[in-house]
Amino acid sequence: MAYLLPNEFVTKMVDAGESKIYMSTRDTLVRGYMAGAILALAAVFAITIAVQTGVFLIGAILFPVGFCMLYLMGFDLLTGVFVLCPLAWLAKRPGVTWSQILRNWGLVFCGNFAGALTVAFMMSFIFTYGYNTDGGAIAAKVAGIGEARTLGYAQYGTEGWLTIFIRGMLCNWMVSMGVVGAMISTHVSGKILAMWMPIMLFFFMGFEHSVVNMFLFPFGIIMGGDFSVMDYFIWNEIPTALGNLVGGLAFTGLTLYSTHYRTAPKRKLATGTPPVTSESASKPATAN
């Protein structure tokens, strides 16, 4: 598969962040809606496999199919724009301001939530035959997940909230690695392989993804989970989204940007000037 050097794909990250800022409101909402819906389908797909086989690892191995589909279609997740848009601001791209970044984040959040909520209602209708049955083992599993990952955290107070926040950080560290990994290759097979590995890792480890949770918790409430909408927002969605923002930006976006786009000056040694490498030779003139 064709491979891009780090400074090349980091430039693509900055370009992508800039393009999302200039995207129309309609397109941003539609792309966010479709991303949330597809990821929700992937989540219920993985949970169904895990429940039916009794092997959670199989569900985790297959969950990334949804992420791959939405990325290849050019749809947007909140976790992705958390990382990409601030890089365009750091690179001083024209018109990229924090008010525009927050606008993009807000629109993508609304689109993701609407898409995930749509699938939650559709799947709950299917599992219950129009709300005439209890939904079976899969519905009970999701309701239990919702209780464990809201009230289960709440019983530990501040430490529980911080646990969700850190799980959110670790999640988007991996998810953003998938987003960036897809930029490394110019072939579909290479993109899928680069995305698959970190997405599988985050799902199996039970890290918290704000968009996946936009489906799981409303679906869990519909399916009879013993927790409220406020429990969901306070004890999951808010700390998860904040953790996603910090983890993706700090561990992936800023590290790549600072070491491959706006690098520190080369060291000067007594023996001579720094050697010219293939990476430094192809580096954008505006990077330093």
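Note that the structure is predicted; figures quoted are calculated from it, not measured.

Draft legend 1. Inspection of the layout of surface pockets at higher detail. Size it by volume and the largest pocket reaches roughly 330 Å³. Counting only elements with at least two residues in the lining of the largest pocket, the list comes to helix H2 (25-53), helix H7 (136-148), helix H10 (188-205) and helix H11 (210-222). No other element matches the four residues that H2 contributes to the lining of the largest pocket. Split into classes, the residues belonging to the lining of the largest pocket amount to twelve nonpolar, three polar and two charged. Lys20, Tyr71, Phe75, Asp76 and Val179 are, among the 14 residues lining the second largest pocket, the residues nearest its centre. Among the elements of the structure, helix H1 (6-22), helix H4 (64-72), helix H5 (78-90) and helix H9 (158-184) are those that each provide at least two residues to the lining of the second largest pocket. Taken together, the residues of the lining of the second largest pocket sort by class into ten nonpolar, two polar and two charged.

Draft legend 2. Spotlight on the packing of aromatic side chains. The tally for this structure, following the rule as stated, stands at 19 aromatic pairs. Summarising the aromatic geometry, the rings of tryptophan 173 and phenylalanine 251 are spaced 4.6 Å apart at their centres and angled 45° between planes, so their arrangement reads as tilted. Residue tryptophan 173 is located in helix H9, and its partner phenylalanine 251 is located in helix H12 (residues 229-260); the two are separated by 78 residues in the primary sequence. Residue classification places tryptophan 173 among the partly exposed residues on the basis of a relative accessible area of 33%. Residue phenylalanine 251 is classed as partly exposed on the basis of its relative accessible area, which comes to 33%. Within the aromatic cluster, the residues linked to one another by ring pairs are Phe109, Phe113, Phe217, Phe227, Tyr232 and Phe233.

Draft legend 3. Representation of the nonpolar core within the structure. Counting residues in hydrophobic clusters, the biggest one holds 73 residues, and the most contacted among them are Met13, Phe63, Phe202 and Phe215. The greatest single-element share of this core, amounting to ten residues, is contributed by H2. Apart from residues no more than four positions distant in its own chain, phenylalanine 63 is found in contact with Leu39, Ala42, Ala43, Ala46, Ile199, Phe202, Phe203 and Val212.

Draft legend 4. Highlighting unusual backbone geometry. Here lysine 92, not a glycine, exhibits a phi torsion of approximately 60°, which is positive. Tracing the backbone through its elements, the reader meets lysine 92 in the loop between H5 and helix H6 (98-127). One non-glycine residue with positive phi stands out, namely tyrosine 129, at about 50°. As for its position among the elements, tyrosine 129 is in the loop between H6 and H7.

Draft legend 5. How the structure looks around the pattern of salt bridges. With the rule as written, the count across this model stands at five salt bridges. The partner of aspartate 15 in a salt bridge is arginine 93, with the nearest N and O atoms 2.8 Å apart. With aspartate 15 in helix H1 and arginine 93 in the loop between H5 and H6, this pair connects stretches of sequence that are 78 residues apart. Judged by its relative accessible area of 16%, arginine 93 is buried.

Draft legend 6. View of the packing of H2 against H6. Look at H2 against H6: their axes get within 6 Å of each other, and the N-to-C directions meet at 40°. Between H2 and H6, the crossing angle belongs to the class labelled oblique. Seen from above, H2 lies across H6 with right-handed handedness. Among the residues making up the contact of H2 with H6, the classes are represented as 15 nonpolar, ten polar and one charged.

Draft legend 7. Region of the structure containing the packing of H9 against H10. Orientation of H9 relative to H10, taken along the N-to-C sense of each, is 175°, at an axis distance of 7 Å. Taken together, H9 and H10 sit at an angle that is classed as roughly antiparallel. Contacts between H9 and H10 involve Cys171, Met174, Val175, Met177, Gly178, Gly181, Ala182 and Met183 from the first element and Lys191, Ala194, Met195, Pro198, Ile199, Leu201 and Phe202 from the second.

Each value, and the rule that gives it
Within every chain, residues take consecutive numbers counted from 1 along the sequence as written. pLDDT decides what is reported in this predicted model: residues at 70 or higher carry local features, side-chain atom pairs at 80 or more are listed and counted, and totals for whole chains, interfaces and linings draw on all residues regardless. Heavy atoms from the whole structure form the basis of all side-chain values; hydrogens and water molecules are not counted. Using only the protein atoms, space was sampled on a 1 Å grid; points where a 1.4 Å probe fits but cannot get out form cavities, open sets with protein on both sides within 12 Å along at least five of seven lines form pockets, and lining residues are those with an atom within 4 Å of a point. Grid points are joined across faces, edges and corners, and a volume is the space filled by probe spheres set on the points. Working definition: helices are DSSP H or I runs of at least four residues, strands are E runs of at least two. Numbering for both runs from the N terminus. In this count, Pro and Cys sit with the nonpolar residues alongside Ala, Val, Leu, Ile, Met, Phe, Trp and Tyr, while Asp, Glu, Lys and Arg are called charged and the others, Gly among them, polar. For this analysis, a ring pair means two rings from Phe, Tyr or Trp (six-membered ring only for Trp) whose centres lie within 6.5 Å, classed as stacked if their planes differ by under 30 degrees, edge-to-face if by over 60, and tilted for the remaining angles. Buried, partly exposed and exposed residues are distinguished by accessible area as a fraction of the type maximum, computed with a 1.4 Å probe on protein chains only: under 20%, between the cut-offs, and over 50%, respectively. Think of a nonpolar core as a cluster: buried Ala, Val, Leu, Ile, Met, Phe, Trp, Tyr and Cys residues, connected wherever their side-chain atoms sit within 4.5 Å. For this analysis, residues touch if any pair of their heavy atoms sits within 4.5 Å. A pair is scored as a salt bridge if a Lys or Arg side-chain nitrogen falls within 4 Å of a carboxyl oxygen belonging to Asp or Glu. Lines fitted to the C-alpha atoms define the axes, with helices restricted to the stretch that makes contact. Angles between their N-to-C directions range from 0 to 180 degrees. Geometric relationships in this document are graded by angle, where less than 35 degrees denotes roughly parallel, more than 145 denotes roughly antiparallel, 65 to 115 denotes roughly perpendicular, and other angles denote oblique. Crossings are classed by handedness, with left-handed meaning an anticlockwise turn of the near helix from the far one by less than a right angle and right-handed meaning a clockwise turn.

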